[in-house]
Structure formats: C-alpha cells, structure tokens
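# Residue-level structural notes
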Amino acid sequence: MSREALKLAKPKVGFYWCASCGGCEEAVVDLAEDILKVVEAVDFVFWPVALDFKVKDVEALKDGEIAVTFINGGIRTAEQEHIAKLLRKKSGLIVAFGACAHIGGTPGLANFSDRNKIFDYVYLKSPSVDNPAGIVPKEKTVVGQGELRLPRFYNAVYPVDQVVDVDYYLPGCAPPPDLVMKAVEAILSGNLPPRGSILSPDKSLCDTCRRKVTKPEKAVIKEIKRVHQTLLDPERCFLDQGVICLGPATRDGCGERCINANMPCRGCFGPTSRVEDQGAKFLSALASIIDANDEDEIKKVTDSIVDPAGIFYYYSLAASMLGRKVE
Ligand code: SF4
Ligand code: SF4
C-alpha cells in the first residue's frame, strides 16, 4: 500500500507518543471542530492516549497498510524504539510530530546526564523523594506471581529520525493547529513537498517578527538579563533589551506565539535548513552583539548567562552536534 493507501477512502492513521509531555496530543484536541473533519476523513487504527487499540492490532496489519503515523516525543526506551520500528514497517508515511520527535525537545536536555544519574536523583536524592529502601526501577523483578518487566531506559533521548526513517516533520511545542491542519490536508490530498521536508517556512523567526525593526545590528549588549529581572517592553526586540531570544536561530511558522505573549523565543521550531546546529548559530548571533572589547568585559557579559548550554539548546540538544554528554 504505502502512498497508494492515501488515495483510498478513509486512509488508516496512527498516533503514537514516546518521550513527550502529552502537549502534542493536546494539539490534536486544539484542532477544535476541525477534528471532526479529520475523524470523518480517516480511520484511526492506533492512538494509545485516546483509543484502546493494542500493539497486537498493529502487528496484525499488513506492511504499509497505515497511510500515515504521527509520532510525537523522542525515543528514550526500548519499548518506544520497538513500536516506532513496528509503525515504520506498517506505515506508508511517518511524520515526526512536534519538537521532541523532530529535535529531541526539552526531554532531550536530559542528555546532559545519563541513566544512572537520572535514576539516582529522581528515585533517591530529589528532596521530595521518600524511598528508605532505595528502590530504583529494574528491567526484571521477580514477584510471587511471576516476573515483571520494564522496558530498558536508554542513556539518552534520540530524535525519531535517529531511530527510524522519517518522511515529514511538523515542528513546534506543540505544532500550532493551523500547521497541523495544513499538513493533514496535504497528506490527504497527496499534495506533498519532497520527502524529508519540514512542514513550515524555511526562514528565520526574525524575518516575520514585528519587533525586527528594533533588532540590534551592532554591539549593544552589556549584560544579559532574565525575563523576571526586567520590565519587558512589548514592542522592542528582546535582544535589544539584553534578554536572550532564539529567534535568529529558529525556523518561522509558529505565528510568533511567545513573542506576542511578550516572552522571548526558546527555539521550539528548530533551525532552518541552512543551520546545522541551532545552539551554535545562536551563540554566533549573540557574540556579534555583545558590547565588550577586552576579555574581562566579555567574561562579565557571558558569566551573566545562567545555564548557557541549557538555554542555547533548550529544544535541540539531542539533534545537535553535541548530542549528549559523554563521560
Ligand atoms: S530576536 Fe526575537 S524579538 Fe528580536 S526580532 Fe528576532 S524573534 Fe523578534
Ligand atoms: S516563539 Fe519560538 S519557542 Fe515560541 S512557539 Fe514560536 S518557535 Fe516556539
């Protein structure tokens, strides 16, 4: 079947979530009455968060029988990898839905740590933990009734295309409803861009931002401030106010949701096709507007950035050249 399945009435569609917060599933609900058009046009065959299909139902389908599967979240566990591979086999198209599937997203920031450190903090050391027996999750546990199994928790989060081939990407945290609807319509009509495309404009957020008239062209920043440390002018470019905004390194298409709410961009749409590493691109943009000449002055400005790696790679660490911390 594969692409031919799209041409048939009621193509089969799957939804699956991996390492994500559930916000992408909410984005589907945010389609509001448009969801009725989707439900009318397609036949859902797998959607664990909403419908009671089982993995064996997917296994029973022919290869390529699902016209399109939308996967949100990065791959963190062996179970997610297994199901992503199964869905790849059974689907004509795989769409990486949302920032975490596309570039790892905020769960990918855990790549600054590894599995042991995460378990140690989450199950033993976090101030809210009450675990005197020091129990941490195990892949196998024997109880009176038999053996309990948990999927392996990997050392890192992987964007979906590092595990299976991805046909299209819908960026954003979460992808905005208009972009989702446009993608669904393109998929249903078969009017699709080249395979591998990211379904949003290939230009930077600054290109369409209404604040770009005040975006600094020369060195102006003497100090980096966080949003709660200053009264933000709702009309002026954040960078001109000394506040980090990842717009120069981020792809357009979100409708400037954060900017319109007087919050700087954190980069959830990922980079344009001309940028290999979103964090490095932003670092270069920032370096050109720091108003300091000698090393001490420069250090003073850069020291005022709290958690630089975390902020420059807020969404894209797992897909970046750094990828993950290696001890
Ligand atoms: S840096 Fe941010 S506020 Fe400034 S023009 Fe770009 S997107 Fe707009
Ligand atoms: S402004 Fe930036 S962080 Fe906010 S939705 Fe748009 S791309 Fe994402």
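Above this text is the structure in question.
Scoring rules and cut-offs
Residues numbered from 1 in each chain as written. Chains lettered and ligands numbered in written order. Predicted model: local features only at pLDDT ≥ 70, side-chain atom pairs only at ≥ 80, totals over all residues. Heavy atoms only, no water. Near = heavy atom within 4 Å. Nonpolar A, V, L, I, M, F, W, Y, C, P; charged D, E, K, R; others polar. Core = buried A, V, L, I, M, F, W, Y, C linked by side-chain atoms within 4.5 Å. Buried < 20%, exposed > 50% of the residue type's maximum accessible area, 1.4 Å probe, protein only. Helix = DSSP H or I, 4+ residues; strand = E, 2+ residues; numbered from the N terminus. Domains from an automatic or database assignment. Contact = heavy atoms within 4.5 Å. Pairing = 2+ DSSP bridges. Phe/Tyr/Trp six-rings, centres within 6.5 Å; stacked < 30°, edge-to-face > 60°. Axes fitted to C-alpha atoms, helices over the stretch in contact; angles between N-to-C directions.

In this section: the site of ligand 2. In the vicinity of ligand 2, the contacting residues are L205, T250, C254, R257, C258, C265, R266, G267, C268 and F269. Across the shell around ligand 2, the residue classes break down as 6 nonpolar, 2 polar and 2 charged.

Bringing the nonpolar core into the picture now. Judged by nonpolar contacts, the single largest core of 59 residues is most densely connected at F70, F97, I244, F282, L286 and F312. By residue number, the principal contributor to this core is helix α8 (residues 177-189), which donates 7 residues. Counting residues domain by domain, this core receives three or more from each of domain 1 (4-106 + 156-189) and domain 3 (205-319). In contact with F282, not counting residues within four places along its chain, are L239, I244, C245, L246, P248, A249 and F312. Core analysis: the next-biggest nonpolar cluster, separate from the first, contains 21 residues, C18, L61, L86 and L87 among them.

Next up on the list: the pairing of strand β6 (residues 140-143). In this sheet, strand β7 (residues 146-149) lies alongside β6 in antiparallel orientation, the contact comprising 4 bridges. Its bridge partner lying in β7, V143 is registered against G146. Between β6 and the antiparallel strand that follows it, β7, lie 2 residues.

Glancing now at the packing of aromatic side chains. Applying the stated criterion to the full structure yields 12 aromatic pairs. Note on F44 and W47: the rings are 4.9 Å apart at their centroids and 35° apart in plane angle, and the pair reads as tilted. Owing to a relative accessible area of 12%, F44 belongs among the buried residues under this scheme. In this structure W47 comes out as buried when scored by relative accessible area, which is 10%. Ring centres of Y154 and Y158 lie 6.5 Å apart, and the angle between their planes is 70°; on these two criteria the pair is classed as edge-to-face. Judged by relative accessible area, which is 18%, Y154 ranks as buried. An aromatic cluster is defined as three or more aromatic residues linked by ring pairs; in this entry it consists of F15, F44, W47, F70 and F97.

The strand order β2-β1-β3-β5-β9 describes an open sheet built from 5 strands, whose pairing is parallel. Looking at the sheet topology across the chains shown, the edges are occupied by β2 (43-46) and β9 (168-170). Neighbour-to-neighbour, the strand axes of this sheet turn through a mean angle of 30°, independent of strand direction. Pairing of strand β3 (residues 66-72) with strand β5 (residues 91-97) involves 5 bridges; the strand directions are parallel. Paired with V68 across the two strands is L93, which belongs to β5.

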